[in-house]
Number of protein chains: 2
Amino acid sequence: MYRSHTCGALRESHIGQEVTLAGWVQKTRDKGFVVWVDLRDRYGITQLVFDQDRTSAELLEQARELGREFVVQAKGEVIERASQNPNLPTGAIELLVRELKVLNPAATPPFTIEEETDGGEELRMKYRYLDIRRNPVKEKLLFRAKVALEVRNYLSQQGFVEVETPYLIKSTPEGARDFVVPSRMNAGQFYALPQSPQTFKQLLMVGGMDKYFQIVKCFRDEDLRADRQPEFTQIDCEMAFVEQEDVLQAFEGLTRHLIKTIHGTDPGEFPRMTYDEAVKRFGSDKPDIRFGMEFGELNDIAQHKEFNVFNNAELVVGIAVPGAASYTRKEIDALVDWVKRPQVGAGGMVYVKCNEDGTFKSSVDKFYDADDLANWAERTGAKAGDLICILSGPTNPTRNQLNMLRMELAGRLGLRKSDEFAPLWVVDFPLLEFDEESGRYHAMHHPFTAPKPGQLELLDSDPGAVRANAYDLVLNGNEIGGGSIRIHDKDMQATMFRHLGFTKEEAREQFGFLMDAFQYGAPPHGGIAFGLDRLVAILGGQESIRDYIAFPKNNSGRDVMIDAPARLDQDQLKELNLKVNLG
Amino acid sequence: MYRSHTCGALRESHIGQEVTLAGWVQKTRDKGFVVWVDLRDRYGITQLVFDQDRTSAELLEQARELGREFVVQAKGEVIERASQNPNLPTGAIELLVRELKVLNPAATPPFTIEEETDGGEELRMKYRYLDIRRNPVKEKLLFRAKVALEVRNYLSQQGFVEVETPYLIKSTPEGARDFVVPSRMNAGQFYALPQSPQTFKQLLMVGGMDKYFQIVKCFRDEDLRADRQPEFTQIDCEMAFVEQEDVLQAFEGLTRHLIKTIHGTDPGEFPRMTYDEAVKRFGSDKPDIRFGMEFGELNDIAQHKEFNVFNNAELVVGIAVPGAASYTRKEIDALVDWVKRPQVGAGGMVYVKCNEDGTFKSSVDKFYDADDLANWAERTGAKAGDLICILSGPTNPTRNQLNMLRMELAGRLGLRKSDEFAPLWVVDFPLLEFDEESGRYHAMHHPFTAPKPGQLELLDSDPGAVRANAYDLVLNGNEIGGGSIRIHDKDMQATMFRHLGFTKEEAREQFGFLMDAFQYGAPPHGGIAFGLDRLVAILGGQESIRDYIAFPKNNSGRDVMIDAPARLDQDQLKELNLKVNLG
C-alpha cells in the first residue's frame, strides 16, 4: 500500500491518526528550523511539516533536498495546523512526517506546474503529461468525464442504447476529406476512418434499434483552423418512428438536464427560430441570444437620399451598441478599421451616436437629417447613449460582417457571460447550398437529409428555396449539435443523389448498401449529433476546446509530444503495397 | 407522433384505450373472416386484429396485402384477446385496428427474421441491418450496452476517470502490426491507429490522473483467425501509487460486480494461481476451473518399465475423464484419432479404463500391471468408472495437447456450463518469452512491464526465469483481462529496451517521450485491460464474439455489407503522396 489516504482527504477529524500519503512535491518552504512541503495529487494538497524539535536532523535534511515534482511517500501523524489555511480543504491539518521516501526524483520541469504557468503553448503541448498535472487542465478533463457520463446515463435512462459502429469503413467523396487506412490483407485497397457514423446509425434504424446513441471519435482531414482537431468526439444519436418535434424534445431534454445538473439552473423551454429569421435578425445561423443588438434593416429608410454607398447597396443594416455613444473619435476610428480587417472584410462602417440629450451625431450627417437618424434608432432599437453601427453591401457578406462586429462588441462590453446559458433551436435549414467553387448545389447538412414534405418538386425549379427538416442546437452562439429527419425512401434518396450530381453508378457504388437497406422496410427516422469537445468547453464556460482534450494535436495535425505522424520504414510500406511519392 | 406506445408496452390495463403503434410486420395469418398481424419493434410484439364483423372490408383487404417486414402504423382500440398467449408480455391483449398506414413497404428479406434464421453467415453479414432485427442479435447488442454502462458507472463510482486518448498516434515496431494512416498535411508521414492506449495511459499516470479508464477501440493488423477482429474494444485501466494487490482488488471488484449485477450470483473471492502452477496443473495459462480433470504427472511412476514411448518422453501426463470408462472401443479409437489431428498434434494417446469393479483395462497392459495403473489412477484422481487419458512427449507441447483434450472432453461431458462463472487470477507471468522465429526474447506482456523486485539481475544470466508482476484475469477458460505493474524508472526502462534488442537510438526514436516523461516525477503505476467483446460474450454465456459486435468484419477483414476496404481514386492517392504498388 503506497498510501492510506489521498492528499485531498485529511480533515480535523483525522488529527492524531497515523497515515501514509504519496504524491508530488508542489513546493518546499525552508525556514531553517522548520521545513514545509506541499504534497499534491489528483485530489488535493496536504502540507507536510518537518521541524527540528520533532523531526530527526537526518529527516529534516532529507526534506530540504526534495526538489519540485519529486514523487514521495510520507508517513506520520496528522496534527492540527498552527496557522490554518481556510482556502484549502485540508487547511486545518498538516502531516508531521516520521518517515519519508523518495519514490522517484524529478528533473526541473520545463515550466511551472501551478494554476498559472509560464509555459508557452508549444512547450505545454510537448510536455502535455506535465501540463495535465496543473489544476486548470486536470479539472477540465475531470469535467469532460463527468459530462460524458451524465450524457450516457441520461440517454440510457431515456431508452437509448449505445452501439459501437466500426472505425474501419469506406471512403466517400462527399463532404470533407477522409483519413484513409491501407489494407494489407486486401492489397491496394483502403479503409476510411468515419467522419461520422451517419450511414451506420441509419442502418441501425433500419435494423430496428430504434433509439441509438454513441459517444464516438470522428475524423476529418481538413486544413486545420485554430480550435479544430483532426480527431474529435461526437455524441451521435438517432431515433426511429419520429418527426422533427420528437427529436427536438428528446435532445432539449438532454441539454436541459446537463445545464441543470452542472450549473443548477433551468434554462426553461428552448426558443426556436427559423434559419431565415436567424440570418435576418442576427446575420448568423448560430446567433448568440444572451444579449440583444439585433439587426435593423434600413433599406427603406436610408436609400432615399444622396448617399450612394447606401443607395447602391443590396442591404443596409445596423445594430445598436448599448452605451457606446460615449466612444471617443479614436475608439470609433479603431472600430471602423476593425471592420476593414481582411477577416471581416467590410468596407466602410457608418455610425450614429445617439447622445444622452436626444441629439444625434453621425458619420453621414451630410446626407441625413435628425428625423432620418431617429428612424434608424427606432429600427435598430437604439436608445439614448447607444451607438448605431451600420454596414452595407451585398446581403450575405454584409450580414456576416455585421455578425462579426456584433459578436466582437458584445465581447468587449462583457455581454457574453460565460455563466449564462442561452440555448436556441434553429430550424428549417435550406436543404442545399450553392457552392461557388464547384458551381453546383451541395447538401447543406448531408445527402441523407429529407426535404420538407411537399417541397421535393421545388428541387428542379428552385433548389435553393427547398427547406429541410434540419435543425441546429445553438448554445451561446456556438452550434453544439445539428441533425435532421432523414430520407427513408429509396426513390427519394436516388433523386437526392441525382440532384447532388452523382451518376447512378456513383450513387450505387458509394451508397448502394444504404439504398438496398431502404428496400427492406426502413422506418421514418432522424437524429442529431453533438460535438462533445465544444459542448464541454461551453458548459465549462470556456472558448477554447483544446484543454478539454487530453492529448490534442497542433494546427498542423501533429502530436508534438510523441512526434507523430512519422515516416514508416520501407518494409512496412512494402507490406502495404505502397510507395511514397513526394515528387 | 408516429406512435403512442411501443409494441412491447400494452397490457390488460390498457384495454379500451385508443392507441397508435408502429413497427414491422413479423407475420400475417389470414383465416378468411379474420386477419391477425404480429407487429414487431425493438420492445416486443403486439397482435393486430382485423375481422369482418368489426373491420371495414377495405381495411381487411389492406391487412391481407401486408408483406413480411412492411413498416406500418396502426391505430385502434386495445381489446382483450380471445385466446391469450402467456409466452408474450402483450399476450393478454390485441389491437383492433381502425386505421392502417403503410409507412414503407419491404421487399422479401433474403433470410427469415426470426429467432432461428435460415440465413448463412455471409448472407447475414451482408444484410447485417436485417440480422440485427432478429431477437437473438438485438438482445446481444442491448446486453453489450448494458455491460458497458455498468462498467462505466462502477469504475466512476470507484473514482476512476474516463479520459479519451488519441486514435492518430505513432507506429511502433514492437508487437503486432499497426494499421497506419497517411498524413496529407505532413507529406510522406503516417499516423498509426493504437493497438492499445498503453503509453498514453502511462503518461496520464505521470500526469497525476491517478485512476484512469477508457472503453476504447483498438486496432491490430493481424492475419485473422476465427473470432478475431481487426478492430476490437478494450476496457483500458491504469492506477498510480499501486502495487499488484491494489490492482487485483480493484478489478476483482469490477468483475464481481458485473457477475452479481447480471447473474445475481456472487462468485466470492477469486482464487489465484501462479503461471507455473496453472501450466503444470492445467497445461494452460488460462485454465477453465469450472471442473476438475487436473493433470497428473506420471514420470516417476510410469518410466520404470519397458514402454519406451514413456521412457523417452520428457513428460508423461494424464487426466481422469469422469464416467468415461464406459466408452466403447470405437469411441476410444475416435478419441485417439482426435488427438492426432494437426490442430492438436499429439502422437499416441494411452488410456486406462478404471472399471466399476476396481479392475483396470489399458492400452499398455503389456507393460504395466494393476499396481502401476492404480498408482496412475491415484495420481490423476481417477475413480471407478473414469477413463484416464495419457499423453507424453516434450513438456510444453504435451501440456498444450492435453489441455486441448481436457477442454474438448469437458465440453462433450457438459462440464463447461455457460451459466456458471469461475474467475481466476493467474499471476507471476514470465517477463520474457523466447521466440524461435526471431531467435530472441520478446516481452511476454509488453516492454513496459516491470520485473519482480530483485529479479533485474537475472535478465543477463537467465532471462527466461525472470518473473513479472503481470497477471491475467481468466473467466471460464478465457483470458478476459491482463495487466502488469509497469516500469516507472527511466534507467530500468532503458535496460529493458536493451534486453529486447532495441538499440539506444531505436528506443529513443520510438519511446523517447516516455523515457523523458519518467524523468519528471513518474509515480509507481500499473493497470489492466479487458477485452470487452469477449467479456460480454462470456458473461452472455456464448463462445462467439461476433454477434456482440453490431457490424463485424469477416475473416479477411472485410465489411461485406458496405464492401470495404475499397480502391481509392488516383486524385485521392496523389493528394496523400502515395502510389499503390501491387508488383
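Here goes a summary of the coordinates provided. (Residues numbered from 1 in each chain as written. Chains lettered and ligands numbered in written order. Predicted model: local features only at pLDDT ≥ 70, side-chain atom pairs only at ≥ 80, totals over all residues. Heavy atoms only, no water.)

Scanning chain A for helices and strands turns up 17 helices and 23 strands. Seen through its C-alpha atoms, chain A measures out along the principal axes to roughly 90 × 75 × 55 Å. Put simply, chain A has 583 residues, and 59% of those count as buried. Taking all contacts inside chain A whose residues are at least 6 apart in sequence as the whole, residues at least 24 apart take part in 65%. As presented, chain A carries roughly 23,500 Å² of accessible surface, and 46% of it is formed by carbon and sulfur atoms. In chain A, 70 side chains carry a positive charge and 89 a negative one; their mean positions are 3 Å apart. (Helix = DSSP H or I, 4+ residues; strand = E, 2+ residues; numbered from the N terminus. Buried < 20%, exposed > 50% of the residue type's maximum accessible area, 1.4 Å probe, protein only. Contact = heavy atoms within 4.5 Å. Areas by Shrake-Rupley, 256 points an atom, 1.4 Å probe, with all protein chains shown as cover. Lys, Arg positive; Asp, Glu negative; His and termini not counted. Charge placed at Lys NZ, Arg CZ, Asp CG, Glu CD.)

What follows deals with the sheet that holds strand 15 (residues 360-362) of chain B. The five strands lie next to each other as 12-13-16-14-15 (chain B), forming an open sheet whose pairing is antiparallel. The open sheet has two edge strands, strand 12 (296-297) and strand 15 of chain B, and neither has a second partner. (Pairing = 2+ DSSP bridges.)

Contact with chain A, which involves 122 residues of that partner, is made by 122 residues of chain B. The tally of links from chain A across to chain B stands at 12 salt bridges. In this structure, arginine 184 of chain A and aspartate 223 of chain B form a salt bridge, with 3.2 Å as the shortest nitrogen-oxygen distance. Here chain A and chain B share 61 residue pairs in polar contact (both at pLDDT 80 or more) between them. With nine residues, helix 4 (residues 135-157) of chain A is the single largest residue contributor to the side of chain A that touches chain B. Classifying every residue of the side of chain A that touches chain B by side-chain character gives 68 nonpolar, 24 polar and 30 charged. Here strand 23 (residues 578-580) of chain A pairs with strand 23 (residues 578-580) of chain B via three bridges, running antiparallel. If you follow valine 580 of chain A over to strand 23 of chain B, its bridge partner there is leucine 578 of chain B. (Salt bridge = Lys/Arg side-chain N within 4 Å of Asp/Glu carboxyl O. Polar contact = N/O pair within 3.5 Å; in protein donor to acceptor, adjacent residues only side chain to side chain. Nonpolar A, V, L, I, M, F, W, Y, C, P; charged D, E, K, R; others polar.)

Tallied over the full model, the rule gives 103 salt bridges over all chains. For the salt bridge of glutamate 408 of chain B with arginine 412 of chain B, the shortest nitrogen-to-oxygen distance reads 2.8 Å. Here glutamate 408 of chain B pairs with arginine 412 of chain B, and both are found in helix 12 (residues 395-412), just four residues apart, close to one helical turn. Its relative accessible area of 44% is what places arginine 412 of chain B among the partly exposed residues. When salt bridges that share partners are traced, they join Glu121, Arg124, Arg128, Asp131, Arg134, Arg546 and Asp547 of chain A into one network.

Of note, arginine 177 of chain A is situated in the loop between strand 6 (161-162) and strand 7 (180-182). With a relative accessible area of 30%, arginine 177 of chain A lands in the partly exposed category. Remark: the alpha-carbon pair of arginine 177 of chain A and glycine 482 of chain A, spanning 305 residues in sequence, is separated by 20 Å. Apart from the residues within four sequence positions on either side, arginine 177 of chain A is in contact with Gln195, Arg220 and Asp221 of chain A together with Arg184 and Glu575 of chain B.

Here glutamine 510 of chain B shows up in helix 15 (residues 504-519). Setting aside anything within four residues of it in sequence, one finds glutamine 510 of chain B in contact with Lys170, Ser171, Thr172, Pro173 and Phe502 of chain B.

A few words on the side chain of arginine 399 of chain A. Among the structural elements, arginine 399 of chain A can be located in helix 12 (residues 395-412). Discounting chain neighbours no more than four positions away, the residues touching arginine 399 of chain A are Val279, Lys280, Gly283, Phe295, Glu297 and Leu315 of chain A.

What follows is about the packing of helix 5 (residues 198-206) of chain B against helix 15 of chain B. Residues and elements named next belong to chain B. Packing of helix 5 against helix 15 brings their axes to within 10 Å, and their N-to-C directions diverge by 20°. Judged on the interaxial angle alone, helix 15 and helix 5 are roughly parallel. Both helix 5 and helix 15 take part in a crossing whose hand is left-handed. Touching Thr199, Gln202, Leu203 and Val206 of helix 5 are Phe511, Phe513, Leu514, Ala517 and Phe518, all from helix 15. Looking at the contact of helix 5 with helix 15 residue by residue, the class counts come to seven nonpolar, two polar and no charged. (Axes fitted to C-alpha atoms, helices over the stretch in contact; angles between N-to-C directions. Parallel < 35°, antiparallel > 145°, perpendicular 65-115°, else oblique. Left-handed = near helix turned anticlockwise from the far one by under 90°.)

So, about the pairing of strand 3 (residues 44-51) of chain A. Residues and elements named next belong to chain A. When you tally the buried positions in strand 3, you get six out of eight residues, the bulk of the element. Sheet topology places strand 3 next to strand 5 (residues 93-104); two bridges connect them, and they run parallel. When the bridges of strand 5 are listed, leucine 48 appears paired with leucine 95.

Glancing now at the sheet that holds strand 6 of chain A. Residue and element names in this part refer to chain A. On the basis of which strands lie adjacent, the open sheet formed by eight strands has the order 6-9-10-22-21-20-17-11 and mixed pairing. Each edge of the open sheet carries a strand with a single partner, namely strand 6 and strand 11 (272-274). Here strand 20 (residues 470-475) pairs with strand 21 (residues 478-485) via six bridges, running antiparallel. Note that in strand 21 the partner of leucine 475 across the bridge is asparagine 478. With respect to the sheet, helix 6 (residues 244-263) is in contact with strand 10 (231-240), strand 11, strand 17 (423-427), strand 20, strand 21 and strand 22 (525-531), its orientation differing from that of strand 20 by roughly 15°. Taken strand by strand, helix 16 (residues 532-539) contacts strand 9 (211-219), strand 10, strand 20, strand 21 and strand 22, and its axis lies near 100° from that of strand 10.

None of the figures reported here should be taken as evidence of function without further support.
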